[in-house]
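Architecture at a glance
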Amino acid sequence: MNNLHKLANAIGARNDIIYVVSHEETRVLDTVCSIAKSLKFPLCTWSMASGVKPIHGTITTKSKYFISKKPDDEVILSKGDLPENPLAILDAIQNCSQDAIFVLYDFHTFLKDAGVVRMLKDVVTTLKSSYTPVIIISSVLKIPVEMEKITTVIDYTLPTPEEISDIVTGIVDYMRDKGKEVLHLQDIKDDIIKACKGLTANEIEDALMASYIEHGRLKPEAILEQKKQIIKKSDILEYYEATDKLQEVGGMDNLKDWIRKRKHAFTPQAREFGIPAPKGLVLLGVPGCGKTLMCKAVANYWDMPLLRFDVGRVMQGIVGSSEENMRKAIAVAEAIQPCVLWIDEIEKGFSGTGSSNFSDAGTLARCFATFLTWLSEKNSDVFVVATANDIKQLPPELLRKGRFDDIFFVDLPSMEERKEIFRIHLQKRNRDPEKFDLDELAQGSEGFSGADIEASIEAALYDVYSEYMGRVDISTFDIINAMKATVPLSKTMEDQINEIREWCRKNRAKMASSRGGNMIVRRT
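Residues numbered from 1 in each chain as written. Predicted model: local features only at pLDDT ≥ 70, side-chain atom pairs only at ≥ 80, totals over all residues. Heavy atoms only, no water.

**Structural notes on the sheet that holds strand S8 (residues 151-155)**
The condition is simple: Only strands joined by at least two bridges in the DSSP assignment are considered to pair. Elements are defined by DSSP. Helices are runs of H or I of four residues or more, strands are runs of E of two residues or more, and each kind is numbered from the N terminus. A fitted line through C-alpha atoms serves as each axis, taken over the contacting stretch for helices, and the angle formed by two N-to-C directions is quoted from 0 to 180°. It only takes one pair of heavy atoms within 4.5 Å for two residues to be counted as in contact.
Overall, mixed pairing links the six strands, which are arranged S3-S2-S6-S7-S1-S8 in an open sheet. Two strands bound the open sheet, and with one partner strand each, they are strand S3 (51-56) and S8. Within this sheet the neighbouring strands show an average axis-to-axis angle of 25°, counted without direction. Judged from the five bridges that link them, strand S1 (residues 17-21) and S8 form a sheet pairing that is parallel. Paired with Val-20 across the two strands is Ile-154, which belongs to S8. Against the sheet, helix H2 (residues 25-39) contacts S1, strand S2 (43-47), S3, strand S6 (101-105) and strand S7 (134-138), and its axis sits at roughly 175° relative to S6. Along the sheet face, helix H3 (residues 86-94) touches S2, S3, S6 and S7 and points at about 170° away from the line of S6.

Written as C-alpha cells, this is what we have:
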C-alpha cells in the first residue's frame, strides 16, 4: 500500500489524530493536499514559528484566542494567525464547524505538556457534526501513553523506484534547459535509481546535482557520499570503507560460493524470478579465523556500503532512549539500503537479555525484541552479517529459521588453506610468495589461525628490519622462527574451540570450508 492510499484510508475511516512519521514535510503535505482536494476539504498547516498557513479553501472558527473578537463570532483563519501557542490552534480546531484538515508540524515537542495532551483529547471527544482530522508530521515518533488509543500512526515511506525515476528525469530535464546535456543516461539509470534508494526526495536532488557539479555527469558512486552523511549524523552506526576483496580471504570456499551465488539477488530481476532478498548470515567460529574480514569482503564484492552496528552505542542511561536508538539504527540502515549491516561479536552485545528485567528494567530485552522482530519481518535490502565467538552466550531465539538465511562455522584453516593465507599476506606486503617455501610454512603452522599467521609474518618483518635495517629481506627461516615464538590460539583456547566445534556439529551449522579444517584439538 503506497503513501497516498495509507493516508486516504486513515482519513476515509474518519480517524481524528493521524501521526505521520517522516522527514519529508513537503512530500507528505503534497499527498494530504491531493486528498483534501479530492474530498473538497479546505486545508491549512500550523507551526510554532509561522502560525497558520492556508493551503487551499477557507476555514472559519470561533476560537477564543482571537483578540478583539467576541467568543461567538466566526473568524477566518489567515496566514500568520496563532503562532507560538499550541493551545490556540487546538481551540481553533475544536471550534471549527466545517469539514477541514489541519496539518501540524513538529507537534510532538508539545506532547510533553499535560495541558496540550488534555486539549488534544478534548478535540477528539467533542461532539460535532464536522470532521476535522489533525495530521501531525514529525521525523520522530513520540506519543504519550494517554494518546496511544486515539492516534493512528503512518510511516511515510521513502520514494519508490518509480518516484526516483521521475526525480532523475526532472533533474535531467532541468540540466538540458540549462544547456547541459546528460550523456549515456539510459546506460546508468538503473544504477542511479538503485543508488538513490533510501534517500529522501530532497537528498536525491542534492546528490544528483552534486554529482553533476563535481564530476560533470551523473555518477552512481557519487551518491554514496550523500548516504555517508546520513550515517555520520546518526551517531549510532559507523561507515566502513570495504576495501577487502573476497580473493584476499584465505579458505572458506563453501561460504565464498554462497556469497557469489547471491551477488545479483537484490535486483528487480531476481524478485521477478521469485527469489527473495537475502536476509543475512551468522558466522560462528574460532577467533582470528577471518569472520570480520569476510564481513568486509561481502560488502566489497556486492558493491554495497558496509555499516557497523555497535549495540553498546544503542544502550544509554536515559529511560526510553535505548529503545528509540534501536529504532533509529534500523531506520538509518534501511535508509542506506542496499547495504551490509555488520554486527561484530553479537553475543556480547545482546548477552544478559535473560536477566534484563532485573539488571536494567528490561531495556536490553526490549531492544533485543525490536531487533528480532525486524529481522523476521524486514523486506528491505539490508543484509545482516553477525559474527560470534562464544556460542553459550547467544540467545537461542536469535538463531531460529527465518531470521538469518544460514549459519556458517569458521574453523581453523587446513594445511592447504594455510598455504593460501601465507600467499595472500606475503603478497599484501609486496613479497613474491614463490620465493618462500609455502609447504614448510603451512606444515609449521598447524593449529594457527589466520590472525596467528599474519602476526608471525609481521613479527619476522620487525625482527629482520631491526637487525639489518632493510638491507636483507625476510625468508622462510625468519617466519618459522617467528612462529616458534608464537603460542597459537588453538593451544590457549583449546577447550573453547572444542566446545564451539561440538556445538556446530550437533546444531548442523554449515562448514565455511570444504577442506575440513583441523581435527579436534587434543591436549598434549
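Additional details are given in the paragraphs that follow.
**Notes on the pairing of strand S12 (residues 339-343)**
As a reminder of what qualifies: Only protein chains enter the accessibility calculation, which uses a 1.4 Å probe; a residue whose area is less than 20% of its type maximum is buried, one above 50% is exposed, and one in between is partly exposed.
Within S12, five of the five residues are buried, which leaves it mostly tucked inside the rest of the structure. Going residue by residue along S12, you find Cys-339, Leu-341 and Ile-343 tucked away on one face and Val-340 and Trp-342 tucked away on the opposite face as well. One ladder, built from three bridges, connects strand S11 (residues 306-309) with S12; its direction is parallel. Counted as the bridge partner of Leu-307 is Leu-341 from S12.

**Here we look at unusual backbone geometry**
The step from Gln-337 to Pro-338 runs through a cis peptide bond, and the omega angle for that step is 0°. Tracing the backbone through its elements, the reader meets Pro-338 in the loop between helix H13 (321-336) and S12. Of note, Glu-345 is a non-glycine position whose phi angle comes to about 50°, a positive value. Along the chain, the position of Glu-345 falls in the loop between S12 and helix H14 (346-349). You can call Glu-345 partly exposed: its relative accessible area is 28%. A positive phi angle, close to 50°, is found at Met-469, a residue other than glycine. Of note, Met-469 is situated in the loop between helix H19 (450-468) and helix H20 (476-484).

**Considerations on the pattern of salt bridges**
Operational definition: Salt bridges are counted wherever a side-chain nitrogen of Lys or Arg sits within 4 Å of a carboxyl oxygen of Asp or Glu.
For the structure on display, the rule yields 19 salt bridges. In this structure, Asp-122 and Arg-118 form a salt bridge, with 3.1 Å as the shortest nitrogen-oxygen distance. You can see Asp-122 and its partner Arg-118 sitting in helix H4 (residues 114-125), four residues apart, about one turn around the helix. Close ionic contact of Lys-348 with Glu-345 constitutes a salt bridge, the shortest N to O distance being 3.2 Å. With relative accessibility at 48%, the residue Lys-348 sits in the partly exposed group. Counted as one network, the salt bridges with shared partners bring together Glu-24, Arg-27 and Glu-163.

**Details of helix H7 (residues 201-215)**
Using the following cut-off: To estimate how far a helix should extend, the number of its residues minus one is multiplied by 1.5 Å. Of all possible arcs, the one meant is that of the directions from the helix axis to the C-beta atoms.
Taking 1.5 Å of rise per residue, 15 residues should cover 21 Å, and H7 covers 21 Å from first to last C-alpha, within 8% of that figure. Buried within H7 are the following residues: Ala-201, Glu-203, Ile-204, Ala-207, Leu-208, Ser-211 and Tyr-212. The arc that holds the buried residues of H7, viewed along the axis, is 165°, so those residues lie on one side. Residues of H7 that are exposed and point over 90 degrees away from its buried face: Asn-202, Ile-213 and Glu-214.

**Things to note about the sheet that holds strand S13 (residues 382-388)**
Read across the open sheet, the seven strands follow the order S9-S11-S12-S13-S10-S14-S15; overall the sheet is mixed. Both edges of this open sheet fall to strand S9 (237-240) and strand S15 (510-511), since each of them pairs with a single strand only. Taken together, the two bridges between strand S14 (residues 406-410) and S15 define a ladder with parallel strand orientation. For Phe-408, the partnering residue across the bridge sits in S15 and is Lys-510. Contacts from helix H9 (residues 253-261) reach strand S10 (280-285), S13, S14 and S15, with the element oriented near 150° to S14.

**Thoughts on the packing of aromatic side chains**
So the rule is basically this: Each Phe, Tyr or Trp ring, with Trp reduced to its six-membered ring, pairs with another whose centre is within 6.5 Å; inter-plane angles below 30 degrees give stacked pairs, above 60 give edge-to-face pairs, and intermediate values give tilted ones. Placement of a positive charge over a ring is assigned whenever Lys NZ or Arg CZ falls within 6 Å of the ring centre and within 35 degrees of the normal to the ring plane.
Taken as a whole and judged by the stated rule, the model has twelve aromatic pairs. With a centroid separation of 6.4 Å and 65° between ring planes, the pair formed by Phe-41 and Tyr-131 is classed as edge-to-face. On the criterion of sequence distance, the pair formed by Phe-41 in the loop between H2 and S2 and Tyr-131 in the loop between H4 and S7 is long-range, its members being 90 residues apart. Pairing Phe-266 with Phe-383 gives two aromatic rings, centres 6.5 Å apart and planes at 90°, and the pair type is edge-to-face. With Phe-266 in the loop between H9 and helix H10 (268-273) and Phe-383 in strand S13, the pair connects residues that are 117 residues apart, well separated along the chain. Under the relative-accessibility criterion, Phe-266 is labelled buried at 7%. Its guanidinium or amino end placed over the ring of Trp-258, Arg-262 lies 3.8 Å from that ring's centre, counting from NZ or CZ.

**Some words on the environment of Thr-126**
Filter applied, for reference: Pairing of N or O atoms within 3.5 Å defines a polar contact, subject to two protein rules: one partner must be a possible hydrogen donor and the other a possible acceptor, and residues neighboring in sequence count only if both atoms are side-chain atoms.
Tracing the backbone shows Thr-126 in the loop between H4 and S7. Taking relative accessible area as the criterion, Thr-126 reaches 28% and is therefore assigned partly exposed. Along the primary structure Thr-126 and Asn-95 are separated by 31 residues, whereas in three dimensions their C-alpha atoms are 9.3 Å apart. Separated by 2.7 Å, the side chains of Thr-126 and Gln-94 make a polar contact.

**Notes on the side chain of Arg-403**
How we decide: The convention is simple: Lys and Arg are positive, Asp and Glu are negative, and His and the chain ends are not counted.
Summarising the element assignment, Arg-403 is placed in the loop between S13 and S14. For the buried Arg-403, no salt bridge exists, and the shortest N-O distance to an oppositely charged side chain is 6.7 Å, to Glu-397. Of note is the side chain of Arg-403, whose polar atom sits 2.9 Å from the side chain of Ser-376. Only 2.5 Å separates the side chain of Arg-403 from the backbone oxygen of Glu-397, close enough to count as a polar contact. Leave out the neighbours within four places in its chain, and Arg-403 touches Lys-279, Leu-372, Leu-375, Ser-376, Glu-397 and Leu-398.

**What about the packing of helix H8 (residues 220-234) against H13?**
Cut-off, in case you're wondering: Any angle from 65 to 115 degrees is called roughly perpendicular, while one under 35 is roughly parallel, one over 145 is roughly antiparallel, and all others are oblique. Only Asp, Glu, Lys and Arg are considered charged in this grouping, and only Ala, Val, Leu, Ile, Met, Phe, Trp, Tyr, Cys and Pro are considered nonpolar; every other residue, Gly among them, is considered polar.
It is at 10 Å that the axes of H8 and H13 come closest, and there the two elements cross at 175°. The orientation of H8 relative to H13 falls into the category roughly antiparallel. Here H8 contributes Lys-227, Ile-230, Ile-231, Lys-233 and Ser-234 to the contact with H13, which in turn contributes Lys-328, Val-332 and Ile-336. Looking at the contact of H8 with H13, its residues break down into four nonpolar, one polar and three charged.

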